[in-house]
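Coordinate analysis (summary)
The lines below spell out each chain.
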Amino acid sequence: MNKTRADYFTKARRVISGGVNSPVRAWKSVGGNPVFVSHAKGSKIYDVSGKEYIDYVLSWGPMILGHAHREVIKAIINSAKNGTSFGAPTEVETRMARLISSALPSIELLRMTSSGTEAAMTAIRLARGVTGRNLIVKFDGCYHGHSDSLLTKAGSGLATFGIPDSPGVPEELARQTLSLPYNDINVLEKIINQYGSQIAAVIVEPVAGNMGVVPPRGGFLEKLRKLTSLKGIVLIFDEVITGFRFTFGGYQNLIGIRPDLTCLGKIIGGGMPVGAVGGKKEIMEKLAPTGDIYQAGTLSGNPLAMSAGIATLNVLKTKKDAFPDLDKKTDRLCTDLENLFAENGFAVCINRVHSMFTVFFQKGPVYDLNTAQKSDKKMFARFFHGMLKNGVWLAPSQYEAGFISFAHTEKDINKTIDACSKTLRNLRRAH
Ligand SMILES: *Cc1c(COP(=O)(O)O)cnc(C)c1O
């Protein structure tokens, strides 16, 4: 007899905490048993029963070239033949660093890590180390990995100190993090004026992607740059998602803002475990061994990860002028979806920034965490399962970004629209 999804998940749960190695994969917010993947190629992902799906998750962002891209796989195989880890400097690390800093002018020096979490954690430590201050400012709904200082949420009231977002994060530490509403220039100004001399860093997703896609309002990031410069606060752009997603570089290239530090991950690893933190020389050289701020990693700069990353970035470089095609594809998808929802009588708000998008099940507008949370999560869950049945793989949560890759074709978009049409007809019938 064929094994069911429940069989796979039950087996996994016996040996893996929650059955998954990262929580959102367990589908808690949409219900049901997660699909187990067997392989993926281009814009498609396949489950263990052989069913094909058009993939809009793309491993949560990294696979901008599509899955199993020829050049990337070739680079990984060739690299693996020469050994998989040395714990000593290699020339590929220098090549990777040069590629990244050539694309992001704000990055004068960088350090590779094995995840975005480590990159953000290192950025925070650096900021505290160089400023001698403790407070961190972040924004509600932005995610910067799961390190203690960044796993905090706003307390009650706007201008309060953070409270732990998870048991195990000491309150004393959470209180060192202030969480402010995204896109609210007034609150930002007030807090920086009040606490500026105690604030080490402000960390922000320049385009928020972890409460669903929320673009920065005009002037928000500009104001942030101005205020942080004025008070000697380290400005950290977390471009783990946005790095190389919109252009050959970061979102900072598009808006002409230079953060002091930048966090990268996801795309720059081409699907291998990677992160990077980089920025101003005077800050970055404070890291050990030149400085005394400690940071390390046994597998940092791993040759397989560097090779996959270099191959990905090199292909992206040749596609420099093709990024607008990605935008166009995404725009068409979102416009057609919008029309379909309207025709079927569903109120949705679709936020799109270039090739990132989220369909919020509400009339909108969505410009911060509060407004994002007005979405109808139950309706989203039903939509998610309907789309999956019709061969479209969306993130299993209302508060995630959808992504398009260079491998997605017009035909994929058409099929997605058809799947959506079928799904909405069924949802309406069930209403
Ligand atoms: C994914 C993500 C991270 C964490 O990266 P990991 O590699 O999962 O540790 C940090 N910041 C942002 C904006 C992210 O989207």
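What comes next concerns the included structure. None of the values given here were measured: they were computed from a predicted structure.

**Quick word on the overall build of the protein chain**
Along the backbone of the protein chain there are 14 helices and 16 strands. Against the globule reference of 22 Å for 431 residues, the protein chain gives a C-alpha radius of gyration of 21 Å, in line with a compact fold. Counting only C-alpha atoms, the protein chain reaches 60 × 55 × 45 Å along its principal axes. Here the protein chain, with 431 residues, has 54% of them falling under the buried criterion. Counting contacts in the protein chain only where the partners sit at least 6 residues apart, residues at least 24 apart contribute 72% of the total. Carbon and sulfur atoms make up 51% of the accessible area of the protein chain, which amounts to about 18900 Å² in all. Computed over 53 positive and 37 negative side-chain charges, the separation of the two mean positions in the protein chain equals 4 Å.

**Considering the nonpolar core**
Counting 69 residues, the largest nonpolar core has Ile268, Leu316 and Phe341 as its most contacted members. Sorting elements by how many residues they give to this core places helix α10 (residues 303–318) first, with eight residues. In terms of domain composition, this core takes at least three residues from each of domain 1 (5–68 + 321–430) and domain 2 (70–318). For Phe341, the contacting residues outside a window of four places in its chain are Phe346, Val348, Val359, Phe361, Phe383, Cys420 and Leu424. The next biggest cluster of nonpolar side chains, apart from the first, holds 42 residues, and it includes Val207, Leu221, Ile241 and Ala401.

**Remarks on the sheet that holds strand β1 (residues 37–41)**
Sheet architecture is open: four strands sit in the order β1-β2-β3-β15, paired in mixed fashion. Both edges of this open sheet fall to β1 and β15 (392–393), since each of them pairs with a single strand only. Pairing of strand β3 (residues 52–55) with β15, which is carried by two bridges, proceeds in the parallel orientation. Residue pairing in the sheet places Ile54 in a bridge with Val392 of β15. Across the sheet, helix α14 (residues 410–430) is in contact with β2 (44–47), β3 and β15; its angle to β3 comes to roughly 105°.

**Structural notes on the sheet that holds strand β14 (residues 356–360)**
Sheet architecture is open: three strands sit in the order β13-β14-β16, paired in antiparallel fashion. The open sheet is flanked by β13 (349–353) and β16 (402–403), the only strands paired with a single partner. Where β13 lies against β14, five bridges are found, and the strand directions are antiparallel. Within β14, the position partnered with Val353 by the bridge is Met356. Helix α11 (residues 323–343) contacts β13 and β14 of the sheet and is inclined by roughly 175° relative to β13.

About the criteria used
- In every chain, residue numbers begin from 1 and rise along the written sequence.
- For this predicted model, a pLDDT threshold of at least 70 governs which residues receive local features, and a threshold of 80 or more governs which side-chain atom pairs are given and counted, while totals over whole chains, interfaces and linings are taken from all residues.
- Hydrogen atoms and water are omitted, and side-chain values are computed over all heavy atoms in the structure.
- Starting at the N terminus, helices and strands are each numbered in turn, a helix being any DSSP run of H or I of at least four residues and a strand any DSSP run of E of at least two.
- The quantity called the radius of gyration is restricted to C-alpha atoms. Its globule counterpart is 2.2 Å times the number of residues to the power 0.38.
- Residue burial is assigned from relative accessible area. The probe radius is 1.4 Å, only protein chains are included, and a residue is buried under 20% of its type maximum, exposed over 50%, and partly exposed in between.
- Two residues form a contact once any of their heavy atoms are found within 4.5 Å.
- Accessible areas in this description were obtained via Shrake-Rupley with a 1.4 Å probe; residue shielding takes into account the shown protein chains only.
- Under the counting rule used here, the positive set is Lys and Arg, the negative set is Asp and Glu, and His together with the chain ends is not counted.
- Note that the charge is assigned to NZ on lysines, CZ on arginines, CG on aspartates and CD on glutamates.
- In this text, buried Ala, Val, Leu, Ile, Met, Phe, Trp, Tyr and Cys residues form a nonpolar core when linked through side-chain atoms within 4.5 Å.
- The domain boundaries here were taken from an automatic or database domain assignment.
- Note: two strands are recorded as paired if DSSP finds a minimum of 2 bridges between them.
- Under this scheme, a helix contributes an axis fitted over its contacting stretch, all axes are lines through C-alpha atoms, and angles between N-to-C directions fall in the 0 to 180 degree range.

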